[in-house]
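So you can see what is in the structure, the chains are spelled out below.
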Amino acid sequence: MLIFRKICLVFAAVGITLLAFAWSTHAEVLLKAGALGTALAWAIGIGAIPRLQGYQYTAWIVAAVVAGMTYPQSFLHIGDFDLRNKWLILIVVQVVMFGMGIQMSLRDFSELATSGKGVLIGLCSHFTIMPLTGFALTKIFHFDPEIAAGIILLGSCSSGLASNVMVYIARANLVLSVAVTAMTTLAAPFLTPFLMKILAGTLIHIRFLDMMMEIIKIVIVPIGAALIHDFLKTASLRGRRNVYGLAFVSLGWLGALSLGLWSWLSGVVSEAALQSLEVLSFFAGAVMVGLVYHWITWCFKNLDRYMPYVSMFGIIYFTTVTTAAGRDNLLQVGFLLFFVSVVHNSAGYFFGYWLSRLLGLDKASARTMAFEVGLQNGGMASGLAGTMGKLGTVGLAAAVFSPWMNISGSILANYWRKREVGPKERAQNISIRPSVSDL
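Remember, it's a predicted structure, so these values are computed and weren't measured experimentally.

The rules behind the values
Residues numbered from 1 in each chain as written. Predicted model: local features only at pLDDT ≥ 70, side-chain atom pairs only at ≥ 80, totals over all residues. Heavy atoms only, no water. Helix = DSSP H or I, 4+ residues; strand = E, 2+ residues; numbered from the N terminus. Rg over C-alpha atoms; globule rule 2.2 N^0.38 Å. Buried < 20%, exposed > 50% of the residue type's maximum accessible area, 1.4 Å probe, protein only. Contact = heavy atoms within 4.5 Å. Areas by Shrake-Rupley, 256 points an atom, 1.4 Å probe, with all protein chains shown as cover. Phe/Tyr/Trp six-rings, centres within 6.5 Å; stacked < 30°, edge-to-face > 60°. Expected span 1.5 Å × (residues − 1). Core = buried A, V, L, I, M, F, W, Y, C linked by side-chain atoms within 4.5 Å.

**Q** Any chance you could break down the overall build of the protein chain for me, citing the residues and the numbers?
**A** When its secondary structure is counted, the protein chain shows 18 helices and 2 strands. Its C-alpha atoms give the protein chain a radius of gyration of 22 Å, within 12% of the compact-globule value 22 Å for 439 residues. Each principal axis of the C-alpha distribution contributes one length, and for the protein chain these read about 70 × 60 × 50 Å. The burial tally for the protein chain puts 53% of its 439 residues in the buried class. The contacts in the protein chain between residues at least 6 apart in sequence include a share of 80% that link residues at least 24 apart. If you sum the accessible surface of the protein chain, you get close to 20200 Å²; carbon and sulfur atoms cover 69% of it.

Structure, rendered in structure tokens:
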């Protein structure tokens, strides 16, 4: 594998020369092919350079952007099938979140009680600094309404597991990081629609209840399925029986829906009640998925280790399709959007750190807060944009911001790793599963 990566590095170097030639001769076909080939070769080959291995996932994101920009039509349709289909987007984002949820555990939520002050500061900081900064930037730079709404949406999403990884690399307070991530995830179904309604309500039409239900479906449901698997790992006999009983009821409910119950309910209950029943049905599916996945792991013991790669593939899919759908917009505002991503992300690090210090947190916890505030859940933002049917506009910010967040987070984490805090603060760290680091 190492030899293959080194060969790809050679191809990447040749590709750069080819790009220079194509640029100078205005050979558009050769320029497109060379750009995509070079990006793919570099994404594979970067793994052969030890100091750059941590950036390989980012390199794949960049390759996805190049693919979407150079051959947009190839990544929008397969035959007559639209790759931006709402149900496909929903399924892919649920798989992404399930893969991330596999790296969480019920023990993570137990830390909420022991990190009260830090969790409260993290929750308040995350859902104020980033959405308000995004809102201010849209007012300063006057983006089109849907692109501006996408910036605010990204700022209003929860933090993701990437923040936990960066905190681990930086040797900051990982216990606090996991607790804040868990809390922002639980709060997202209520706070994200609320923030979008008050900050982006004049830009696009926001239906609070609809967005809340979508977030529950694309974030809480798949993570819930993953936590059922985690529960079953150590559950008592009684606990297992309870899960099996719940699964039996869920299977009966889903079977009844497939036999016509849903059609009957659609005609006799209100829209709000129907939405609640839809979410209930998704949770029933989550119970079944969690149980079936747990059974599968009996045969494939290392399956949990590979699920983050499934999540990575899903995010690369989002990035490619979003870039392809928003190519024309990116050609107009791409550089400005990238500049805004740098400012937005930097503001999160800066205010997350210094506000925490001002409120009395130690250096390790303040570093943790910088990552928890500065790093957003781009997969959640892309999924919501996709369910709105606005992947190429509202989803554009997530496609541009996500690569930069990975790069800046890795740089800052490694910088702080070399400048460790005192031993008393360092003792607050706990271990983390290494496979998550690719997220």
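Having seen the structure, we can now continue with the description.
**Q** A description of the packing of aromatic side chains should follow, citing residues and the corresponding values.
**A** Summed over the entire model, instances satisfying the criterion amount to 10 aromatic pairs. Taken together, a centroid distance of 5.1 Å and an interplanar angle of 85° make the contact between F98 and Y293 edge-to-face. With a gap of 195 residues between them, F98 in helix α4 (residues 86–101) and Y293 in helix α12 (residues 271–299) connect regions that are remote in the sequence. With relative accessibility at 9%, the residue F98 sits in the buried group. On the numbers, 5.8 Å between centres and 80° between planes, the contact of F338 with W404 is edge-to-face.

**Q** Give a detailed account of helix α7 (residues 145–156), specifying residues and quantitative values.
**A** End to end, α7 covers 16 Å across 12 residues, agreeing with the expected 16 Å (1.5 Å per residue, within 8%). The buried count for α7 comes to 10 of 12 residues, which makes it a mostly enclosed element. Where α7 is buried, its residues contact α6 (116–141), α9 (174–200), α14 (327–358), α16 (378–388) and α17 (396–417).

**Q** An account of the nonpolar core is needed here, citing residue identities and associated values.
**A** Core analysis: the biggest nonpolar cluster contains 90 residues, and F143, M196, L337, F371, M380 and F401 have the highest contact counts within it. Among the elements that take part in this core, helix α10 (residues 208–234) stands out by supplying 13 residues, more than any other. Residue contacts for F401: discarding those within four places in its chain leaves I151, L154, L337, V340, S341 and H344.

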